[in-house]
Amino acid sequence: MAEVTVRYWAAAKAAAGVAEEPYEAETLAEALDAVRERHPGELVRVLRRCSFLIDGDPVGTRGHETVRLTEGGTVEVLPPFAGG
């Protein structure tokens, strides 16, 4: 398991109630499952519309279960932005 920092932006940050928090997970799918468990409700709905960066690289259309996380890495949770 890798310890990663999940950073929330815009609507995701508002729904989570925090800017970032640590998680232990091997893949993006595992990290997002843990996020949903910790923050049921609005954040779960927001995550459906988000894109993700792993250590600065876009995930794009890759399956989240195939995206490996690295120790000390960062998962950026990016909701769609108005005008952005």
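As the structure is a prediction and not an experimental result, all values here were calculated from the model.

### Let's talk about the nonpolar core
Core analysis: the largest hydrophobic core is formed by 23 residues, its most contacted members being Y8, L28, L43, L47, F52, V75 and V77. Elements represented by at least two residues in this core include exactly β1 (2-8), α1 (11-16), β2 (20-25), α2 (28-38), α3 (42-47), β3 (51-54) and β5 (74-78). The contacts of F52, once residues within four sequence positions are left out, are L28, L32, L47, D57, P58, V59, H64, V75, E76 and V77.

### Quick notes on unusual backbone geometry
Non-glycine residue A10 carries a positive phi angle of around 50 degrees. Its place among the elements puts A10 in the loop between β1 and α1. For A10, a relative accessible area of 39% puts it in the partly exposed group. With phi around 50 degrees, D55 is a residue other than glycine that occupies positive phi space. Along the polypeptide, D55 turns up in the loop between β3 and β4 (57-58). Its relative accessible area of 40% is what places D55 among the partly exposed residues.

### Details of the pattern of salt bridges
Summed over all chains, the structure comprises six salt bridges. Of the charged contacts, one joins R7 and E20 as a salt bridge, the two residues approaching to 3.1 Å between their closest N and O atoms. Separated by 13 residues along the polypeptide, R7 in strand β1 and E20 in strand β2 bring together distant segments of the chain. What makes E20 partly exposed here is its relative accessible area of 43%. Here the residues in one salt-bridge network are R7, E20 and E76, joined through shared partners.

### Regarding the pairing of β3
By the alternation rule, side chains of β3 split into F52 and I54, which are all buried, and S51 and L53, of which none is buried. In the sheet, β3 pairs with β5 via four bridges, with the strands oriented antiparallel. Directly across from F52, in β5, lies its bridge partner V77. By the bridge criterion, two bridges tie β3 to β4 in an arrangement that is antiparallel. Pairing of I54 across the sheet is with D57, part of β4.

Quick notes on the rules
- Residues numbered from 1 in each chain as written.
- Predicted model: local features only at pLDDT ≥ 70, side-chain atom pairs only at ≥ 80, totals over all residues.
- Heavy atoms only, no water.
- Core = buried A, V, L, I, M, F, W, Y, C linked by side-chain atoms within 4.5 Å.
- Buried < 20%, exposed > 50% of the residue type's maximum accessible area, 1.4 Å probe, protein only.
- Helix = DSSP H or I, 4+ residues; strand = E, 2+ residues; numbered from the N terminus.
- Contact = heavy atoms within 4.5 Å.
- Salt bridge = Lys/Arg side-chain N within 4 Å of Asp/Glu carboxyl O.
- Pairing = 2+ DSSP bridges.

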